[in-house]
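Here's the letter readout for the chains.
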Amino acid sequence: MTLPTGYAERPLVLADAAAVTRVMAVNELATVGEVVIELADIVSEWQRPSFDVSARTVGVVDASGDLVGYAECSGGSRADAAVHPDHWGRGLGTALAGWLAAKAGELGEPVIGMPVPQDSPGDRLLESLDWFPRWESWVLALPKDAAIPVRELPEAYAIRAATPQDHEQVWTVIEDAFLEWSEREREPYADWVATTIERPGAEPWNVRVVTGPDGAVVAAAVLVMTEDGREGYVSRLATRKDQRNRGLAQALLADAFSAARAHGATRATLSTDSRTGALDLYLHVGMEVESTWVHRATRP
């Protein structure tokens, strides 16, 4: 990676998660006007057994040794990167984009991409580098004072917090559903545990399930509470293919909102993209689009 004078690259380790979080936070504030990233987001991803932090990440430090930029090939075609706003316009973003493409080629990935806010500096930079749009995604929120919709389950179905005995079924339901439209390998169960059950701050009630007449898990949601407890983010929501069109996802979503509010949250959010066809589901339960993102990618 070729960097401007005064900057150097170095591999990262798990202990750098806090510094990466700080860079991403100020980048988000400058780009979208709010900070969404939390330390737990980085730690939970980097603690996956399949993820080699030093081999799949790179940091950029300035002359004082402070981390001012970073990039990672997260797994498959997923990537992420950020540059501190004080260092925009110096070629760091271009260098990191080049590193991502080279690393993806080294790893044998046919394509690598990342989401960027539509019309943001990052979006314009990647467009100028001929990174092409693959899909759109949206961040949605339930308005702060909106009533949580009531959604009844069919007879003989029940909704509750997951137990440890449910976790492998939850993983199976979610992965089966997501693999219907995503272009990636199945996430290993141990990786899923690392980002959900073992995520810093996670509580047992964060995983919600719908069970069918035979007691099996037929729909599942994973709720992530922010560090301050004010927001509940539904990171995953899925229904088993043979159980769809029965209102299970809407009921589970309403349950997740209610659980978050019961634990002090005043906001409920989630994100979805154009591959899933799920946008109307979220609009039907009263959610509103807050921001639009573009997933831009390149082929090594």
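Refer to the structure above for everything that follows.
Everything quoted here is computed from the prediction, not taken from an experiment.

Caption draft 1: Spatial organisation of the pattern of salt bridges. Evaluated as defined, the whole model comprises 17 salt bridges. Across the salt bridge formed by Arg-296 and Asp-123, the nearest N and O atoms sit 2.4 Å from each other. Of this pair, Arg-296 sits in strand 12 (residues 288-298) while Asp-123 sits in helix 5 (residues 121-128), placing them 173 residues apart in sequence. Of the two residues, Arg-296 and Asp-123, both sit in the buried class. Among the salt bridges present, the one from Arg-244 reaches Glu-180, with a minimum N-O distance of 2.8 Å. One end of the pair, Arg-244, is in the loop between strand 10 (231-239) and helix 8 (248-262); the other, Glu-180, is in the loop between helix 6 (167-178) and helix 7 (189-195), and 64 residues separate them in sequence. By relative accessible area, Arg-244 is classed as partly exposed at 29%. According to the relative accessible area criterion, Glu-180 is partly exposed, its value standing at 42%. Linked by salt bridges that have partners in common, Glu-45, Arg-48 and Arg-78 make up one network.

Caption draft 2: Summary view of empty space enclosed by the protein. All told, the structure shown has 1 cavity of 30 Å³ or more when counted by the stated rule. In this structure, the largest cavity encloses a volume near 30 Å³. At 3 residues, helix 8 tops the list of elements feeding residues into the lining of the largest cavity. Looking at the lining of the largest cavity residue by residue, the classes come out as 6 nonpolar, 1 polar and 2 charged.

Caption draft 3: Just the packing of helix 1 (residues 17-32) against helix 2 (residues 39-46), in detail. One way to put it is that helix 1 packs onto helix 2 with a least axis distance of 9 Å and a crossing angle of 130°. Looking at the two axes, helix 1 sits oblique to helix 2. Along this stretch, helix 1 crosses helix 2, giving a crossing that reads as right-handed. Together, Ala-17, Ala-18, Val-20, Thr-21 and Met-24 of helix 1 and Leu-39, Ile-42, Val-43 and Trp-46 of helix 2 make up the contact between the two elements. Class assignment of the residues belonging to the contact of helix 1 with helix 2 gives a composition of 8 nonpolar, 1 polar and no charged.

Caption draft 4: Spotlight on the pairing of strand 5 (residues 112-117). By the criterion of burial, strand 5 is predominantly enclosed, with 5 of the 6 residues buried. By the bridge criterion, 6 bridges tie strand 5 to strand 12 in an arrangement that is antiparallel. Residue Gly-113 lies in a different strand from strand 12, and its bridge partner there is Ala-297.

The rules behind each value
- Residues numbered from 1 in each chain as written.
- Predicted model: local features only at pLDDT ≥ 70, side-chain atom pairs only at ≥ 80, totals over all residues.
- Heavy atoms only, no water.
- Salt bridge = Lys/Arg side-chain N within 4 Å of Asp/Glu carboxyl O.
- Helix = DSSP H or I, 4+ residues; strand = E, 2+ residues; numbered from the N terminus.
- Buried < 20%, exposed > 50% of the residue type's maximum accessible area, 1.4 Å probe, protein only.
- 1 Å grid on protein atoms, 1.4 Å probe; cavity = no way out; pocket = protein on both sides within 12 Å on 5 of 7 lines; lining within 4 Å.
- Points joined across faces, edges and corners; volume = space filled by probe spheres on them.
- Nonpolar A, V, L, I, M, F, W, Y, C, P; charged D, E, K, R; others polar.
- Axes fitted to C-alpha atoms, helices over the stretch in contact; angles between N-to-C directions.
- Parallel < 35°, antiparallel > 145°, perpendicular 65-115°, else oblique.
- Left-handed = near helix turned anticlockwise from the far one by under 90°.
- Contact = heavy atoms within 4.5 Å.
- Pairing = 2+ DSSP bridges.

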